[in-house]
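A closer look at the structure
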Number of protein chains: 2
Amino acid sequence: MKNCLQELRRQKGWSQADLASHLNVSRQTVNALERGRYDPSLPLAFAIARLFGRAVEQVFDPDPE
Amino acid sequence: MKNCLQELRRQKGWSQADLASHLNVSRQTVNALERGRYDPSLPLAFAIARLFGRAVEQVFDPDPE
DNA sequence: GGGGAATGTAAAGCGTTCTTTACATCTGGC
DNA sequence: GCCAGATGTAAAGAACGCTTTACATTCCCC
């Protein structure tokens, strides 16, 4: 599933490790999400959306595959 | 995580099996979600939200635990 | 061109999400 | 009371989400 995580992270000037610590997940998890290796769990998706002040639908896009 | 799946399903007059077939998951999965035994995957959460014409945030509520 | 930070990737392991099969209970109509 | 549909639950197994450790690569900056 597509997402704009990398763009949102860079807007904050954060490294993947920075974002990981804000989300309480590992850096590898952030990397995997940005690279679309898998989708986050629903709780993590909510945490990401909240961190960036967006709706889940504005971060993750299920439609374009 | 809280959700209002059962209420939305009943508004449609659907059984758990009906909802399951609309979502292409098993009836046990619908039952488990309604009873809060686990959270859906992100793609399934999107499918549920879309089916009921709602945002993910209007079906699943992360805050009140 | 050397060095450190950032990023990409891999493997093993654990818990979660979802499946199938199967059975128990509850409900409502007849 | 009986029966059928709806719901709850269990167990075993496959696939996924996330962890830790570890190493390779890329990117700057000097």
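How each quantity is defined
Residues numbered from 1 in each chain as written. Chains lettered and ligands numbered in written order. Predicted model: local features only at pLDDT ≥ 70, side-chain atom pairs only at ≥ 80, totals over all residues. Heavy atoms only, no water. Near = heavy atom within 4 Å. Polar contact = N/O pair within 3.5 Å; in protein donor to acceptor, adjacent residues only side chain to side chain. Helix = DSSP H or I, 4+ residues; strand = E, 2+ residues; numbered from the N terminus. Salt bridge = Lys/Arg side-chain N within 4 Å of Asp/Glu carboxyl O. Buried < 20%, exposed > 50% of the residue type's maximum accessible area, 1.4 Å probe, protein only. Nonpolar A, V, L, I, M, F, W, Y, C, P; charged D, E, K, R; others polar. Contact = heavy atoms within 4.5 Å. Buried area = accessible area lost by both parts, 1.4 Å probe. Least-squares fit on C-alpha atoms with pLDDT ≥ 70 in both.

Per an unreviewed UniProt entry, chain A is named Helix-turn-helix transcriptional regulator, and its organism is Mangrovicoccus algicola.

Details of the protein's contact with DNA strand D
Taken together, 18 residues are adjacent to DNA strand D, and A:S26, A:T29, A:Y38, B:Q16 and B:N31 come closest. In this structure, A:S41 approaches DNA strand D through a side-chain N or O atom, which is 2.7 Å from a phosphate oxygen. A distance of 2.8 Å separates a phosphate oxygen of DNA strand D from a polar atom in the side chain of B:R35. Where the surface near DNA strand D is concerned, the elements lending two or more residues are α3 (27-34) of chain A together with α3 (27-34) of chain B.

Some points on the pattern of salt bridges
Residue and element names in this part refer to chain A. In total, this model carries 2 salt bridges over all chains according to the counting rule given. One salt bridge connects E34 with R9, and the closest N-O pair in it is separated by 2.4 Å. Here E34, found in helix α3, pairs with R9, found in helix α1 (residues 5-11); they are 25 residues apart in sequence, far enough to count as distant. Summarising the burial analysis for this pair, E34 and R9 share the class buried.

Overview of the protein's contact with DNA strand C
Taken together, 19 residues lie around DNA strand C, and A:Q16, A:N31, B:Q28, B:T29 and B:Y38 are the ones closest in. Within 4 Å of the protein, atoms of DNA strand C come from sugar and phosphate in 60% of cases. Taking A:R35, its side chain carries an N or O atom lying 2.8 Å from a phosphate oxygen of DNA strand C. A distance of 2.8 Å is found between a phosphate oxygen of DNA strand C and a side-chain nitrogen or oxygen belonging to B:S41. Of all the secondary-structure elements, those providing two or more residues to the surface near DNA strand C are α3 of chain A together with α3 of chain B. Class assignment for the residues of the surface near DNA strand C results in 4 nonpolar, 9 polar and 6 charged.

Let's talk about the interface of chain B and chain A
Taken together, the 14 residues of chain B in the interface contact 14 residues of chain A. Each partner contributes to the roughly 1,200 Å² buried at the junction of chain B and chain A, and carbon and sulfur atoms together form 71% of this total. Seen at the junction of chain B and chain A, the total is 0 salt bridges. The interface formed by chain B and chain A contains 2 residue pairs in polar contact (both at pLDDT 80 or more). Of all the elements, helix α4 (residues 42-51) of chain B adds the most residues to the side of chain B that touches chain A, at 5 residues. Of the residues that constitute the side of chain B that touches chain A, the class distribution is 10 nonpolar, no polar and 4 charged.

Looking at the relation of the copies chain B and chain A
Between chain B and chain A, which share one sequence, the superposing operator has a rotation angle of 180 degrees and an axial displacement of 0.0 Å; the RMSD is 0.0 Å. The relationship between the two copies is best expressed as a two-fold rotation axis. The C-alpha atom lying nearest the rotation axis in chain B is that of B:L42; the distance is 2.6 Å. The residues that chain B uses at the interface reappear at the interface of chain A in 100% of cases, marking a shared surface.

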